[in-house]
Amino acid sequence: MPFFERLIPQRGRLFRRRMQLTTDGTVFLSLLFAMALAAVNTGNNLLYLLLAAMLSLLIVSGVLSEQALAGLTVSRRCPTGVFVNQSAPTVLTLTNSKRRLASYSLHVAHVMEGREERLTGVVGCLPAQGIVQLRSSLCFTRRGVHRVEGVSVRTRFPFGLVTKTLYLPLKGEVMVYPEVRQVPWCLAEQFSAIGRDRASSRRGQGLALYNLRLYHPGDSARSMHWKTTARRNELMVQETEVETERRVTIAVWTWLPGGYENDVLMPRRVPVEFEQVVSIAASLVVAMLARGFEVQVSLGEKDISYGSGPAHRERVLRELALVSPACEAGLSGARRMGAGARRFRRDEGPTFVVCPMSQVDCMQDVWARPAQVILSSEWESWKSPDIL
C-alpha cells in the first residue's frame, strides 16, 4: 500500500497529521501523572489547581500546534530528468492561506517512496497570506523512475512538548538517468578520427558536389555554378556533400545467464557489473553526441536509430534509465543477440560493445560483426580497445 494511503483514511484527510512526544513532553506527562496521583491521594486544593494548570497547558499546546499547521499548501518545481549521484535543484513554495493567523517553527522535508528525506528548510514565522520559497537539492543513487509522494511539515510550536507532522500529498515522478563518467582521454582521441576517411551522402559543408538547384534569395554568390547558369540561362546554385560521415553504434550487452541469482557469488557481482555497463554506455552517448556524432544505440533486441541533438540524447538516456538485464537460460538468448549484430551496416561507422567482464567470453563467441569491446571493469584504466 502506498505511503500516503496508510496515513490518510478514505473518509477524509483529517488524519494526515501525526503526533510524537518529545523528550520534554515525556517529562511533562510524567510530572502530570505524578501531580494527578498526589492530588487524588491528598485532596489538596493547591495540587488540584496545579493539575488544572498543567492540563490547560497541554490543551493550549495542542490547539496552537494545530493552528500552526492549518491552511498550509505547498507546490514543488524540480527537473524531470537528473543523473545518478548528481544534485537536482528543487524549489518548494510554502503558502499560508489563513487570513489572520501566522504559522511558526515549520520544518519542511520531502517524502519519497515511503520515507522522509533530509530536512529541506526551516521557516521561523510564516505570516498570514504569506509565501516562502525553500531551495534544496535531491540526490539519487540509482537510475530509473523515482516516485515523489509529497512533503512533510513538522512543528514543535509552542512549548516543544509534541512534534506534530502534517503530510501534504504532492505526487510526481523524477526520471533518473545513469551516472555519466568522464571518458578516458585515449578513447576520446579515437573519437576525433572516426569518419574522417568516409564521405557522406548528405548535404553540408564540403568539396564534393551533392546537387544543383535553382537560386533562392539569400544564397551566397560563392555557391553559384556559373557553367550551368550560362548553359541554362538561369541562376543555378551548387550544394556540397558533407566530407565526413560521423556515425557510431553503441551496443549494450544485456544478456545474463538465467538462474544467476541462485549462484553463491553471482548475485553480488552481476547487478553491479550491469549497472557499470549502463553507466559506461550513457557516458559514451553523451560524449559522442557532444562531439557531433550521430549515435545509434542497441539494447539487446531493441534499437534506437541514428540521431543527434538534445531530443535524441534525452530519448537514449531515458531508455538506458529503464533498461534491465535479459535473463534467459542457456545460450539461445546470447546467440540471438549476437546474430542481431548483422543488422548494423559496416559502412555506417564503428560499433562499440559495452560488456560485463563476466560475459566477455560468451559475447566474443557469438558476436557477428567487427566491434570494439569496452569492458565494465577496465573503464577507468582503459588504454586501447579489444578488436573482435
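Preceding block: the structure.
Residues numbered from 1 in each chain as written. Predicted model: local features only at pLDDT ≥ 70, side-chain atom pairs only at ≥ 80, totals over all residues. Heavy atoms only, no water.

Asker: Before we go on, may I ask you to explain the overall build of the protein in this structure?
Answerer: Along the backbone of the protein there are nine helices and 19 strands. Relative to its full complement of 388 residues, the protein shows a buried share of 44%. In the protein, the proportion of contacts linking residues at least 24 apart, taken out of those at least 6 apart, comes to 70%. Carbon and sulfur atoms form 54% of the exposed surface of the protein, whose accessible area is close to 21,200 Å². (Helix = DSSP H or I, 4+ residues; strand = E, 2+ residues; numbered from the N terminus. Buried < 20%, exposed > 50% of the residue type's maximum accessible area, 1.4 Å probe, protein only. Contact = heavy atoms within 4.5 Å. Areas by Shrake-Rupley, 256 points an atom, 1.4 Å probe, with all protein chains shown as cover.)

Asker: Help me out: how do you make sense of unusual backbone geometry in this one?
Answerer: Comment: phi is negative for the bulk of residues other than glycine, and the bulk of peptide bonds are trans. Along the chain, Phe157 connects to Pro158 via a cis peptide bond; the corresponding omega equals 5 degrees. Although it is not a glycine, Asn85 sits at a positive phi angle of roughly 65 degrees. Considering the arrangement of structural elements, one finds Asn85 in the loop between β3 (81–83) and β4 (87–96). Even without a glycine there, the phi angle at Gln129 is positive, about 60 degrees.

Asker: So what exactly am I meant to see when it comes to helix α7 (residues 309–322) here?
Answerer: Three or four residues apart is the spacing at which side chains of an α-helix point the same way, because the helix has 3.6 residues per turn. Over its 14 residues, α7 extends 21 Å from the first C-alpha to the last, a length consistent with the 20 Å expected when each residue adds 1.5 Å. Where α7 is concerned, the buried positions are His312, Val316, Leu317, Leu320 and Ala321. (Expected span 1.5 Å × (residues − 1).)

Asker: So what exactly am I meant to see when it comes to the packing of aromatic side chains here?
Answerer: What describes a pair of aromatic rings is the distance from one ring centre to the other and the angle between the planes of the rings. All told, the structure shown has two aromatic pairs when counted by the stated rule. With 5.4 Å between their ring centres and 65 degrees between their planes, Phe83 and Tyr177 make a pair best called edge-to-face. One end of the pair, Phe83, is in strand β3; the other, Tyr177, is in strand β9 (residues 162–177), with 94 residues separating them in the sequence. Both residues of the pair, Phe83 and Tyr177, count as buried. Judged by centre distance (5.0 Å) and plane angle (25 degrees), the ring pair of Tyr104 and Phe157 falls under stacked. With Tyr104 in strand β5 (residues 103–112) and Phe157 in the loop between β8 (144–155) and β9, this residue pair connects regions lying 53 residues apart in the sequence. Its relative accessible area of 33% is what places Tyr104 among the partly exposed residues. (Phe/Tyr/Trp six-rings, centres within 6.5 Å; stacked < 30°, edge-to-face > 60°.)

Asker: Explain the pairing of strand β12 (residues 247–252) here, please?
Answerer: Among the six residues that make up β12, six are buried, leaving the element largely enclosed by the rest of the structure. Residue alternation in β12 divides its side chains into two sets, Arg247, Thr249 and Ala251 and Val248, Ile250 and Val252, and both sets are buried. Pairing of β12 with strand β14 (residues 294–299) involves six bridges; the strand directions are parallel. Bridging from a neighbouring strand, Val248 pairs with Val295 of β14. Across four bridges, the pairing between β12 and strand β17 (residues 351–355) is parallel. Looking across to β17, one finds that Thr249 is bridged to Thr351. (Pairing = 2+ DSSP bridges.)

Asker: Would you explain the pattern of salt bridges in this entry?
Answerer: Pairs may arise between side chains of opposite charge once their charged atoms sit close together. Per the stated rule, a full pass over the model turns up six salt bridges. Put simply, Arg232 and Glu234 hold a salt bridge, and the shortest N to O gap is 3.0 Å. Judged by its relative accessible area of 46%, Arg232 falls in the partly exposed class. By relative accessible area, which is 31% here, Glu234 ends up partly exposed. (Salt bridge = Lys/Arg side-chain N within 4 Å of Asp/Glu carboxyl O.)

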